[in-house]
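Single-letter residue listing:
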Amino acid sequence: MEPRSRGAAPGGVSVSAVLPAGGSGERLGGATPKQFCAVQGRPLVSYAVRAMERISWISDIVVVVSPENIETMKTIIEKYGHKRVTVVEGGITRHRSIFNGLKVFAENEFSSHLLQKPEVVIIHDAVRPFVEEDIVSKVVLAAKEHGAAGAIRPLVSTVIASAADGCLDHSLERARYRASEMPQAFLFDIIYEAYQQCTDYDLDYGTECLHLALKYCKTNAKLVEGTADLWKVTYKWDLYAAESIIKDNLSQQVCVITNVKETLAQVGFLLPESLKSQIKVEAISVSSSKNDSCLQNIISGQCYNFVCVNDKRWAIQETQELVDMLEKSNIPLLCPVVLILVHLDIPEYNSFSIGMEDLTTIKTFARETKKKNILVYGLLIQYK
């Protein structure tokens, strides 16, 4: 996917991200680590990378994987057109892997290509695919002010402690506690110093980055209320839930492209209004041949459904330009893109009928685009 043009980061700081992806996926079961399991035909880690990649102000994305999966990760990056991504060899534990990811910004001997050290670094699990820019922005801003920040969610279940005999010892007051989630963000110098001072015990058995910043740098993290979609894929049934969410998201947005004069066909302008009560609609009135920046941004935002309303005779050339834009974006690599061509036959202004030549052209065009995972449908409306 082509990244969007670089925007300003929250608070004007430089920002990079580290995604630990070296887990073995024991709780998931099966031979494939969960971060490499396919969801809708695409590895889970690719969704997490894409989520970070779509945020234009994140300069570099470091993915940390186990040594045996380095080539697999590089293949994923190439196949799905990921940009600004560096693959790093992980350690034997989560903390050691994150430490390795941080080192590429600070230690020349660790990487053949030292990345520019950011002011703020985001740490986010590779198996949390649904993170949005809003929560990332909030933790980055909080990290800039407080030195460290992390997303939290209310506890779903009460936490209890058992005694040595297996009986209940005590329980925690659920209202006072929160579940620590991702993303988390830190001033780079703070979290890097914390990892440098870590004991082997913390590196081997610890799991909470915010705790390291508190323990070794006396940095008390700001806790930011997160959204319900920050959950982590842990068990096999989580993969099915992730797939369901992705399918639902794909069907919840449509871009209506209108290239007609309002005086000729009100339907081209009324269509978005009628759809808004059911799904998210992006409506633009442009010629695709102009490579409109608004349309480019919508495509970069991973929209998979397009309705093109036109009063020209099938406008295959303009449609081909839109197909080229979609193909260049790499989004059809993930899921099929649906492109519905609505042609308005307005006898008052146009007079044409569909002949065999037109049908042959349309069918040939649709067959060729299907090979690119773009499904083209045509609809002729006689508008009176």
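Residues numbered from 1 in each chain as written. Predicted model: local features only at pLDDT ≥ 70, side-chain atom pairs only at ≥ 80, totals over all residues. Heavy atoms only, no water.

Caption draft 1: Looking closely at the pattern of salt bridges. Evaluation of the coordinates by the stated rule reveals 10 salt bridges. One salt bridge connects D125 with R94, and the closest N-O pair in it is separated by 2.6 Å. Linking D125 in the loop between strand 6 (120-123) and helix 4 (133-146) with R94 in helix 3 (residues 94-103), this pair joins segments that are 31 residues apart in sequence. Of the residues examined, D125 reaches a relative accessible area of 4% and is grouped as buried. On the basis of relative accessibility, which here comes to 25%, the residue R94 falls in the partly exposed class. Among the salt bridges present, the one from K371 reaches E368, with a minimum N-O distance of 3.3 Å. Residue K371 is classed as exposed on the basis of its relative accessible area of 65%. (Salt bridge = Lys/Arg side-chain N within 4 Å of Asp/Glu carboxyl O. Helix = DSSP H or I, 4+ residues; strand = E, 2+ residues; numbered from the N terminus. Buried < 20%, exposed > 50% of the residue type's maximum accessible area, 1.4 Å probe, protein only.)

Caption draft 2: Spatial organisation of a nonpolar patch on the surface. Taken together, the side chains of Y235, W237 and Y240 make up a nonpolar region of the molecular surface, amounting to roughly 390 Å² of accessible area. Relative to the assigned elements, Y240 resides in helix 8 (residues 236-250). (Patch = residues over 30% accessible without salt bridge, like charges linked within 9 Å, V, L, I, M, F, W, Y side chains within 5 Å. Areas by Shrake-Rupley, 256 points an atom, 1.4 Å probe, with all protein chains shown as cover.)

Caption draft 3: Quick look at the sheet that holds strand 5 (residues 85-89). The strand order 5-4-1-6-10-7-11 describes an open sheet built from 7 strands, whose pairing is mixed. Lying at the two open borders of the sheet, with one neighbouring strand each, are strand 5 and strand 11 (222-225). For this sheet the average axis-to-axis angle between neighbouring strands, irrespective of direction, equals 25°. When strand 7 (residues 148-154) meets strand 10 (residues 178-187), the two strands line up antiparallel, connected through 6 bridges. (Pairing = 2+ DSSP bridges. Axes fitted to C-alpha atoms, helices over the stretch in contact; angles between N-to-C directions.)

Caption draft 4: Structural view of the state of the cysteines. Tallying each qualifying case throughout the model produces 0 disulfides. Between C217, a free cysteine, and C198, which holds the nearest cysteine sulfur, the sulfur-to-sulfur gap is 9.2 Å. Residue class for C217 comes out buried when judged on its relative accessible area of 18%. (Disulfide = S-S within 2.5 Å.)

Caption draft 5: Geometry of the packing of helix 3 against helix 5 (residues 188-197). At a minimum axis separation of 10 Å, helix 3 and helix 5 run at an interaxial angle of 130°. Here helix 5 runs oblique to helix 3, going by the angle between their axes. Considering how the two elements wind past one another, helix 3 and helix 5 form a crossing that is left-handed. Contacts between helix 3 and helix 5 involve H95, I98, F99, L102 and K103 on the former and, on the latter, F188, I191, Y192, Y195 and Q196. The residue makeup of the contact of helix 3 with helix 5, split by class, is 7 nonpolar, 2 polar and 1 charged. (Parallel < 35°, antiparallel > 145°, perpendicular 65-115°, else oblique. Left-handed = near helix turned anticlockwise from the far one by under 90°. Contact = heavy atoms within 4.5 Å. Nonpolar A, V, L, I, M, F, W, Y, C, P; charged D, E, K, R; others polar.)

Caption draft 6: Region of interest: helix 4. The end-to-end C-alpha distance of helix 4 is 20 Å, a good match for the 20 Å that 14 residues give at a rise of 1.5 Å each. Considered for burial, the residues of helix 4 that qualify are I135, V136, S137, V139, V140, A142 and A143. Just downstream of helix 4 lies G147, where phi reads positive at about 95°. (Expected span 1.5 Å × (residues − 1).)

Caption draft 7: How the structure looks around unusual backbone geometry. The omega torsion across M182 and P183 is 10°, close enough to zero to call that bond cis. Inspection of the secondary structure puts P183 in strand 10. Positive phi outside glycine occurs at R84, with the angle close to 60°. Turning to its location among the elements, R84 is positioned in the loop between helix 2 (70-79) and strand 5. Overall, the relative accessible area of 13% leaves R84 in the buried class. In this structure, N373 is a non-glycine residue whose phi angle is positive, near 70°.

Read these as layout, nothing more, since geometry by itself doesn't imply function.
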